[in-house]
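Examination of the molecular architecture
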Amino acid sequence: MHNSKRLAFVILAMIMVVSLFAGCGTSADNQASQAATSAASTEKSTPESNEKTSQASNEKVTLIWFDSQGAVKSWNDENFKAFEEKNPNIKIDFQVYPDNQWKNIIQTKLSSGSGVPDIVHAPYSDFQSALSAEKNFETLDSEPWVSRLIKPEVLKFNDKIMNFSFDIPVDTAGIVYNKDIFKENNISVPRSYDEFLKACEVIKAKGITPLLIAGKDAWTIQIWQSCALGDYQTRKQPTLSADINSGKQKWADLKVYEDMNAKLLNLVKLGYTNKGVLSDNFDSAVDIMGKKQAAMFIMGEFFIPMAIEKYPDLRLSIFPIPYDNDVYLANQGVSGFGIPKAAVHKKEAKMLFDFLSQPDQLERQHKTKPFIANFKDAKSVDMPEYKKDIMDDYVTPGKICMQANDTIYGETGIDGSGAWQLYQAMLGGKMTPQQVSEEWGKKFADLMKQKGIAGW
Amino acid sequence: MGKTKLYTYYMIVPGLILYLLFYMFPTISGIYFSFTDWRPENEIIKFTGIENLRYIFTDSLLVSALKNTFIFAVITILGKNILGLLLATGLNVKIKSRNILRTIYYIPAVLSTVVIGVLFSAILTPEGVFNTFLNSIGMGFAALDWLADLDLVIYTVSFVAVWQMVGYHMTIFLSGYQSIPTELYEAATIDGAGSISKFINISLPMLVPAINVSLLMSMISGLNAFSNVYTLTGGGPADASQVIGTVVFKKFGEGSWGLGTALNFLQCFLVALICIPLLFYLRKKEVDV
């Protein structure tokens, strides 16, 4: 009797625990089980039978789109609305993660196989290294849009297409400048650091801040170093990435790195920058540039359409970081979309890619962020003035290079943002350029060790 | 004898299972993971001994975060308790506006820290409301770059935290005041004691239980600082306002999960190391009425 009572209590206790779990996890579990069921059916059936099943059952599908905060602003919602209208059973759910976390979150999802999204948006360099594209992502070689690509090689990993993207990547960064202020003061685009200083002096004399640094957001400062290092690697030391990543080239011994930091700091010391280099942020830059309170801004070209949207009369363009003579304009690698092998709705994700590749959708996307389409049948659209400048002055003559973020850090997947705080410390008067080199060298070594990179 | 108990100890089983599963298991596994190289891309998690702790005490960012945590804790403990006690003493007097004033001082404590972060980010810019006010009263020399000056920023964040929670600590002291018998003050008045004398000899000793609670709460929240710093500066600029809590967040974001766990473990250990002896010491000082 006593034992049976004890047993009854234990059973009762277990039931209470189980019911608690059931109560807590209802909605999530439903979703998970739905996803699991759907995944199972997708895996077992052929694409044809799957399509028939989907159409016959009118099953509602939610495509999970994984993106980072900074990049998601680049997409035109109208494209996705149009896709959802054409496919009423498919909804796109954007899951947007902070810029400093998305990489680890997606790595975790991919390695655990839990909560894997249907579409992942990431830079090419991250697909290559941090996300192990060949191991984790679907090959897209047989997709219908592939035959329409102008340059399929920009989307290839070891000769396989594993990404979808709209464009041939021309997404540059450097010094965004106001063409009208330059014209009014007879300033031509500086081709050297000395010419840049002279331009700053003329602009300062007119009571305008020559160079805006939105240093509260540390990522804006590092554009200077990432672009300058990219140019240095292209023109002077092609083995720079390999040398740094193998430990052959120490940061503390890389004199050009110290020099480019010293030149940036010098601009602050000479009073050519805004007073609050560490208190102004990216969000305030549109108004500062739009109201012509500053003539130049260390930034990517993506800023230009944002500023022009608010200040339509603004004429902005871009030139390379003037740390040296005749510097190349720094570009970023393609930013693409991949479908994880473990995704639940691969078929629908592929349908979305095909839809986005259609000429009318490319035209629609072009309104958000002008780009050079990588599709043969893309309608010819008028390039904005700044994009023509970039094409004529840098892309066509071949004066273009990749940013160090794509090369040095991209190869290993190392998070280079540890250096950004050092740049802030330097601009805030707490570190010298030499100390930045030494400290970043130490941090870099730690990151390489933690990541288990060979030779560290 | 032989009477069946309505509640047997088996009834604790559900709670015990939940406690073990959701508290003890993560805590113990957290201690284990703080001695590993746990990262998202590592398929095998290796035991690394005290490597993470060695890194914590040699990395300049972490050493600076430890220092900032103590600065933040000291300023907020002193600020919240001294100002809270003064406000409570002032608002314990029978004045017409005291209920309104009590409410006004308490409001920041119920505001979201995120809202406060956004508000003060705007107020404390070089051209913000605070500096405009200082300039307008002829104190332009004191109009500083409160959130971008690397030497100043941790103090600014600490003062915002004090501003937010001082009303909350005021209510703790006010509740302490309500438990002091009025006869003590009446007897002191008859004996000719002045206000300061009454405060030192009656209020303070009788308020010791409230002071203990307030001190401990402010100490724990000070050492566990995160939300005020994160919403105002994110630990920047140049990591000048990083505290342990924000570095833990940063390390997890960077994928250094083993290191982040070790740092979090160290933070718990520090809080316990400081607060438990303090708790025993303060309890001895309490006065029975």
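As recorded by an unreviewed UniProt entry, chain B carries the name Raffinose/stachyose/melibiose transport system permease protein and is attributed to Anaerobacterium chartisolvens. Recorded in UniProt under Subcellular location (unreviewed entry), the annotation for chain B is "Cell membrane". The record in UniProt for chain B states the following under Sequence similarities (unreviewed entry): "Belongs to the binding-protein-dependent transport system permease family."

The name an unreviewed UniProt entry assigns to chain A is Raffinose/stachyose/melibiose transport system substrate-binding protein, from the organism Anaerobacterium chartisolvens.

Let's shift gears to the nonpolar core. Residue and element names in this part refer to chain A. Counting 111 residues, the largest nonpolar core has Trp-251, Tyr-257, Met-296, Phe-297 and Phe-303 as its most contacted members. When residues in this core are grouped by element, the largest group, 7 residues, is from helix 11 (residues 218–235). Counting residues in each nonpolar core, the second largest holds 32 residues, with Phe-83, Ile-119, Phe-164 and Phe-371 among its members.

Next up on the list: the UniProt feature "transmembrane region" (unreviewed entry) in chain B. When the UniProt feature table is mapped onto this chain, "transmembrane region" (unreviewed entry) is found at residues 7–33, 70–91, 103–124, 152–174, 206–226 and 262–282 of chain B. Helix makes up 95% of residues 70–91 of chain B and strand 0%, with an end-to-end C-alpha separation of 31 Å.

What the rule picks out here adds up to 4 cavities of 30 Å³ or more. The space that makes up the largest cavity amounts to roughly 150 Å³. If you trace the largest cavity, you find 15 residues lining it, with Gly-418, Lys-443 and Leu-447 of chain A together with Lys-251 and Glu-254 of chain B closest to the centre. Mapped by element, the contributors of at least two residues to the lining of the largest cavity are helix 21 (433–451) of chain A together with helix 12 (244–254) of chain B. The element that contributes the greatest number of residues to the lining of the largest cavity is helix 21 of chain A, accounting for 5 residues. Counted by class, the lining of the largest cavity contains 4 nonpolar, 3 polar and 8 charged residues.

All names here are of chain B. A surface patch of nonpolar side chains, amounting to about 520 Å² of accessible area, comprises Ile-107, Val-110, Leu-111, Val-115, Leu-119 and Trp-163. Taken together, the elements giving at least two residues each to the nonpolar patch come down to helix 4 (98–110) and helix 5 (113–123). Among the structural elements, Trp-163 can be located in helix 7 (residues 153–178). By relative accessible area, Trp-163 is classed as partly exposed at 39%.

With that settled, the discussion passes to the pattern of salt bridges. All names here are of chain A. One pass over the structure, following the stated rule, counts 24 salt bridges over all chains. Notably, a salt bridge pairs Glu-258 with Lys-255, separated by 3.5 Å at the nearest N-O pair. One end of the pair, Glu-258, and the other, Lys-255, are both in helix 13 (residues 255–269), 3 residues apart, so they sit about a helical turn from each other. A residue is classified by how much of its surface remains accessible, and Lys-255, at 55% relative accessible area, is exposed. Of the charged contacts in the structure, one is a salt bridge between Lys-310 and Asp-287, with a shortest N-O distance of 2.8 Å.

Glancing now at the interface of chain A and chain B. Every contact between the two is made by 31 residues of chain A and, on the other side, 36 residues of chain B. Each partner contributes to the roughly 2,800 Å² buried at the junction of chain A and chain B, and carbon and sulfur atoms together form 59% of this total. Taken together, the links from chain A to chain B amount to 1 salt bridge. Inspection of the chain A/chain B interface yields 4 residue pairs in polar contact (both at pLDDT 80 or more). Among the elements that take part in the side of chain A that touches chain B, helix 1 (residues 2–24) of chain A stands out by supplying 9 residues, more than any other. Broken down by class, the residue content of the side of chain A that touches chain B amounts to 9 nonpolar, 12 polar and 10 charged.

Before going further, it helps to examine unusual backbone geometry. Residue and element names in this part refer to chain B. With an omega dihedral of -5 degrees, the bond running from Gly-236 to Pro-237 counts as a cis peptide bond. Note on placement: Pro-237 falls in the loop between helix 11 (227–232) and helix 12. Positive phi outside glycine occurs at Ala-238, with the angle close to 55 degrees. The buried category is assigned to Ala-238, whose relative accessible area is 15%.

All names here are of chain A. Split into domains, chain A comes out as domain 1 (52–166 + 334–384) and domain 2 (172–333 + 403–451). Measuring from the centre of the C-alpha atoms in domain 1 to the corresponding centre in domain 2 gives 30 Å. Counting residues at the interface gives 7 residues for domain 1 and 9 residues for domain 2. Taken together, the two surfaces of domain 1 and domain 2 that pack against each other cover about 640 Å², and 49% of this comes from carbon and sulfur. Broken down residue by residue, the surface that domain 1 buries against domain 2 is led by Ser-125, Ser-129 and Val-334, which jointly contribute 45%. The interface formed by domain 1 and domain 2 contains 0 salt bridges.

Cut-off values and rules
- Here the residue numbers are simple positions, counted from 1 along each chain's written sequence.
- To label them, take the chains in the order written and letter them from A, then take the ligands in the order written and number them from 1.
- Local features in this predicted model are restricted to residues of pLDDT 70 or higher, and side-chain atom pairs are both shown and tallied only at a pLDDT of 80 or more, whereas totals for entire chains, interfaces and linings draw on every residue.
- To get the side-chain values, all heavy atoms of the structure are used, and hydrogens and water are removed first.
- UniProt positions are given in the numbering used here, feature names are shortened, and annotations may be inferred rather than shown by experiment.
- The nonpolar core is taken to be a set of buried Ala, Val, Leu, Ile, Met, Phe, Trp, Tyr and Cys residues, with the residues joined through side-chain atoms within 4.5 Å.
- Only protein chains enter the calculation, and the probe is 1.4 Å; a residue is then buried if its accessible area is under 20% of its type maximum, exposed if over 50%, and partly exposed in between.
- For helices the rule is a DSSP run of H or I covering at least 4 residues; for strands it is a run of E covering at least 2, with both sets numbered from the N terminus onward.
- The distinction between a cavity and a pocket rests on a 1 Å grid over the protein atoms alone: a 1.4 Å probe fits inside a cavity but cannot get out, while a pocket stays open yet meets protein on both sides within 12 Å along at least five of seven lines, and a residue with an atom within 4 Å of a point counts as lining.
- Grid points are joined across faces, edges and corners, and a volume is the space filled by probe spheres set on the points.
- Residues are grouped as follows: Ala, Val, Leu, Ile, Met, Phe, Trp, Tyr, Cys and Pro are nonpolar; Asp, Glu, Lys and Arg are charged; every other residue, Gly included, is polar.
- A patch is a set of surface residues, each over 30% in relative accessible area and not in a salt bridge, joined within 9 Å for like charges and within 5 Å for the nonpolar side chains Val, Leu, Ile, Met, Phe, Trp and Tyr.
- Computed by Shrake-Rupley with a 1.4 Å probe, the accessible areas treat only the displayed protein chains as cover when residues are assessed.
- What makes a salt bridge here is a side-chain nitrogen of Lys or Arg within 4 Å of a carboxyl oxygen of Asp or Glu, nothing more.
- We call two residues contacting when some pair of their heavy atoms lies within 4.5 Å.
- Here's the idea: put two parts together, see how much 1.4 Å probe accessible area each one loses, and the total over both is what we call buried area.
- Pairs of N or O atoms are called polar contacts if they sit within 3.5 Å, as long as, within protein, a hydrogen donor faces a hydrogen acceptor (for residues adjacent in sequence, only side-chain-to-side-chain pairs).
- Here the bounds of each domain stem from an automatic or database domain assignment.

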